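Each chain, written out:
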Amino acid sequence: MAARYGVLVAVGGALAVACHGAPPPAPPPPPTVFVAPPDTPPPRRVTRPDGALTAAERDSIVREAQVRRAAWRARHITDYSIRVAVGCFCPWPQTPAILEVRGGVATALRDTTGRAFGKVREPWSNYTVEGLFDAVEQSAQRSDVVEVTYDGVLGYPTYMRGTGRLGLPDNWFWVRASQLRFQP
């Protein structure tokens, strides 16, 4: 009887495996995702200082800005504050200020301690994140020398400097944007 029982169990087990097939394969491992911490500096885009940008270099800077702008827009960040400092050969003040942005539009200007800094005005009001991307594209198309650095996490321009025309005096500029903070 025990032998019959053993054969019955063996046949039943074989039928169960045959009916249900092999177990499903293990799922593939999840993709590796790297998110740069906020203090990771992104690579700098440096153009050669010994000559004007070539057409290919200009196109490359513009294309990179367009790709990064599309990624920024995909995040739907329209309410934020950002610290902006601007300098050039012109008489604009180089004092940093905090630009408050609501719905993508500059709405308030504060000094770096958070106090009101007067009406929203140039040069700071030009540099919302969209304005920073505009400045990169325009500078790449017009200036002889342009250098751009982007935020390592959000991808917005954090530093841009350039020279309008090589060989001419006093036609340099720079813009620094940092400390972007989301606003409720």
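Scroll up a little and you will see the structure.
In short, a report on the structure. (Residues numbered from 1 in each chain as written. Predicted model: local features only at pLDDT ≥ 70, side-chain atom pairs only at ≥ 80, totals over all residues. Heavy atoms only, no water.)

### Quick look at the overall build of the chain
Next up, step 1: Assigned secondary structure in the chain consists of three helices and seven strands.
Next up, step 2: The order of α-helices and β-strands along the chain, N terminus first, is α-β-α-β-β-β-α-β-β-β.
Next up, step 3: By the burial criterion, 36% of the 184 residues in the chain qualify as buried.
Next up, step 4: Taking all contacts inside the chain whose residues are at least 6 apart in sequence as the whole, residues at least 24 apart take part in 52%.
Next up, step 5: Within the structure as shown, the chain displays about 11400 Å² of accessible surface, and the carbon and sulfur contribution to it stands at 61%. (Helix = DSSP H or I, 4+ residues; strand = E, 2+ residues; numbered from the N terminus. Buried < 20%, exposed > 50% of the residue type's maximum accessible area, 1.4 Å probe, protein only. Contact = heavy atoms within 4.5 Å. Areas by Shrake-Rupley, 256 points an atom, 1.4 Å probe, with all protein chains shown as cover.)

### A look at empty space enclosed by the protein
Next up, step 1: Under the criterion given, the structure shown has one cavity of 30 Å³ or more.
Next up, step 2: The space that makes up the largest cavity amounts to roughly 40 Å³.
Next up, step 3: Among the secondary structure elements, those contributing two or more residues to the lining of the largest cavity are helix 3 (129-142), strand 6 (157-163) and strand 7 (172-182).
Next up, step 4: A per-element tally of the lining of the largest cavity places strand 6 first, with four residues. (1 Å grid on protein atoms, 1.4 Å probe; cavity = no way out; pocket = protein on both sides within 12 Å on 5 of 7 lines; lining within 4 Å. Points joined across faces, edges and corners; volume = space filled by probe spheres on them.)

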